Amino acid sequence: KDRATARIARGNYGDDECGSQAVQKGYVDDLLASLAHEDVLFYITKFNELARPLGLFLNPFKTRILTSCNGQSIIPALADHDLDVATSLRSAIELYSQNKARLPGGSPTPVELTDGFVYLGSPVGSASFANNYFQQRVAAVQSEADALTANIPDIQTRLRIFHQCTINKLPFLLGMEVLHNLPLTDDKFNPADWMDWYGPLSQGVDRQVQRFLGALLGMPADSVSAHALQICRISLQDGGLGMVDPGTRAIIDFTLSMSKASHSARFGFRVGKGDRAIQLPPTVTALFDSTRNPDSIILRRFDRLCPHIAHHACPDSIAIPARDEHFRLHTSPKSALDRLKHYCSTLRVRILYETAPPDQLHHLPGLLQSSSSYPMISMSRSNPAHRLKPDLFRLALLRKLLLPIPEFAHAPQCKCGATFDIYGHHALSCPRNSKKGAHNMIRDGTQCFLCTALREANYMLPGDEIETEKEGICPSNCNIKPFDASFPPRLHSCHYNDIGFDYTLSPPPPPSSIDPTTDIQQQLSANAERCHQRAERGKYRRGGDTVDDADLSLPDPPSSKDLGELYIGEINRANRLLLPVSIGPYGDFGPIFRNFLFGQGPRQPLSPFKDRPQANLAHLRATSHPAPFNVITTACTNYPRSREHFFQKYGLHTTKALAVLLHNSFKHIVSAPPGLTTAHRTPPGPDHSSTHIFTDTPVTG
């Protein structure tokens, strides 16, 4: 300050109108200082003198002095203006900014930075310097990704490391990309379309993901389609893989960082809650004020983006005209980030419906389930139960990304006469394909964590267990077991003697016509739900065989001559409740099970059964009080566990079971002798634990 005061006395007010005061900042052992040219040698020398008695020293091989950002040294022009200052600056560079000698006994080489430098991992300087640095970082990450591919044979582990570690070495730079590269005119970039940003670093991140997935799945990088990348960018909660979305994150990072910095420059910052605000030097404050620093390109970029970001970052209670100011002054960065992430993920879902193959759109509602996302990329592999065998994981990931399965590229023929589609959906719909193994894996796996939820929701007591295939449910035929799993509820408000689950693997939803005047997502979701409702109704429309005279002599015989109606009537009269559990091709479930878990009923209830009063009664009881309702939410309220815990466990078992079903279906076709057509059927066995993918690789639940 004394030297700045002396300059003011000489009439030199500097670029900050305060005599060019020194501005310094530090983080651990890194120090950054903005100095007047004539102060550089003095500052470094004085710093060295004060630091050495404390055991600190300045490392000349790491210290760098930036004099300009245009690629040219300022010293020759400075010498024409003030030779003494130029000499002092040159001496500071020669003494304290050096490269080590290349040869033993040689002299260090002075280093004057004229384009930029890297501070705390971020480039500071010209746009060309920043872009060159971005290219270097992308190349370094690509090298690490290649090392993963070469050294980690397990593809699930490889994807987890890439997602959590490797690719995350780039996103923190995305905000800097916008800071250096955002155009200032609408003809080159419209700020209203900020979510479509695609700068050099963003492109590099996308290429990294595409190339890595191609190597992971054993296909060319170009085969990883645009809709597969969209699924990667959608959040886990919305059914995607939750990988970095550079196109939206870049603008968000820049805008939120600038908003926070501007707020701190204006009002100061607090180290702890309730502490007095620490005011920044007026020089720094002026840098973030558009009226005092109107030529700042960075501020102009921020001001262009801010109104459009604020529209989605502020709560709905804020009037749209007031959101820009509210965002700058009052909106919490964390809450703004949460709203923007949700908006961007929803946007990616909408784009996916526009870019996915038109003949596969009807599969998207089932595919975009978070339960099928967690086993792919989120669950800890330190637990062996969370690991999938590489061949199963590859199939599951191909299906999740809606990519063609190479094994089905040649359209192998099924025993039913149909050919397999390239996505493998036929294996899940063919009536001649045994689904018993997958059915039992899902049933047994679901019971493990459903017991815990039912106990925590007070429907079961500690020590109670869910019984598998309870006998004696229907007295007229003790050989049938309509309940795959059942339990006696202990909650007083639920007066049923038994609550039973009947699992069924529903086929893929059929293609549906699209009305362009209404929301396509809602139409396709309703179509997928109707498919589940048909599977659920099938559990109440059992049989088809004619009732014999002995059956007709029973009390209260069914109105239709159908054994299924008779069995449903026996379940009703015994005060038992039947809950059909429809499981879709991607692990999605029907509205009755969804209502049981989360209290969310169907979008549109189906019409009653005709001439089936017992089926109507059973369906009514399953969907109304006092049937169990909102079990998972109640359990999460009583115990500190999130809904994600259920989705992870449920998704793990369904993903594994459906991948086993698909893998075995293909194996039994391709392993057949030439000229022999065989069924893609699971080998017979006492249960799913006898199913094999390879002769030495048993698949168990």
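Whatever comes next refers back to the structure up there.
Residues numbered from 1 in each chain as written. Predicted model: local features only at pLDDT ≥ 70, side-chain atom pairs only at ≥ 80, totals over all residues. Heavy atoms only, no water.

Another aspect to go through is the packing of aromatic side chains. Within this structure, the stated rule accounts for 18 aromatic pairs. Considering the side-chain rings of Phe189 and Trp197, the 5.4 Å spacing of their centres and the 85° angle between planes classify their relative orientation as edge-to-face. The burial state of Phe189 is the same as that of Trp197; both residues are buried. Between Phe589 and Tyr650, the aromatic rings sit 5.4 Å apart at their centres with planes inclined by 75°, giving edge-to-face as the arrangement. Here the residue Phe589 occupies a position in the loop between strand 12 (576-583) and helix 23 (591-598), and Tyr650 occupies one in helix 26 (residues 643-670), the gap between them amounting to 61 residues. Assessed through its relative accessible area of 10%, Phe589 is described here as buried. In this structure Tyr650 comes out as buried when scored by relative accessible area, which is 1%. Three or more aromatic residues link up through ring pairs in this structure, and these residues are Phe449, Phe487, Phe501, Phe589, Phe593, Phe596, Phe598, Phe646, Phe647 and Tyr650. The ring of Phe42 has Arg3 lying over it, and the distance from NZ or CZ to the ring centre is 4.3 Å. (Phe/Tyr/Trp six-rings, centres within 6.5 Å; stacked < 30°, edge-to-face > 60°. Buried < 20%, exposed > 50% of the residue type's maximum accessible area, 1.4 Å probe, protein only. Helix = DSSP H or I, 4+ residues; strand = E, 2+ residues; numbered from the N terminus. Lys NZ or Arg CZ within 6 Å of the ring centre and 35° of its normal.)

Let us look at the environment of Gln21. With respect to the element layout, Gln21 can be found in the loop between helix 1 (2-9) and strand 1 (23-27). A relative accessible area of 28% places Gln21 in the partly exposed class. Along the primary structure Gln21 and Leu179 are separated by 158 residues, whereas in three dimensions their C-alpha atoms are 25 Å apart. Beyond its immediate stretch of four places on either side in the chain, Gln21 contacts Lys1, Ala4, Asp16 and Ser34. (Contact = heavy atoms within 4.5 Å.)

So, about the sheet that holds strand 10 (residues 485-487). One open sheet holds the 4 strands; their spatial order is 9-10-11-12, and the pairing between them is mixed. Each edge of the open sheet carries a strand with a single partner, namely strand 9 (467-468) and strand 12. Bridge count for strand 10 against strand 11 (residues 498-505) is 3 bridges, and the pairing is antiparallel. Counterpart to Phe487 in the pairing with strand 11 is Ile499. Docked against the sheet, helix 19 (residues 436-456) engages strand 9, strand 10, strand 11 and strand 12, running at close to 145° with respect to strand 11. (Pairing = 2+ DSSP bridges. Axes fitted to C-alpha atoms, helices over the stretch in contact; angles between N-to-C directions.)

Where helix 7 (residues 174-181) meets helix 12 (residues 297-313), the closest approach of the two axes is 8 Å, and the angle between their N-to-C directions is 110°. Compared by their axis directions, helix 7 and helix 12 come out roughly perpendicular. Counting all contacts with helix 7, which are made through Val178, Leu179, His180 and Asn181, the residues of helix 12 involved are Ile298, Arg301 and Leu305. (Parallel < 35°, antiparallel > 145°, perpendicular 65-115°, else oblique.)

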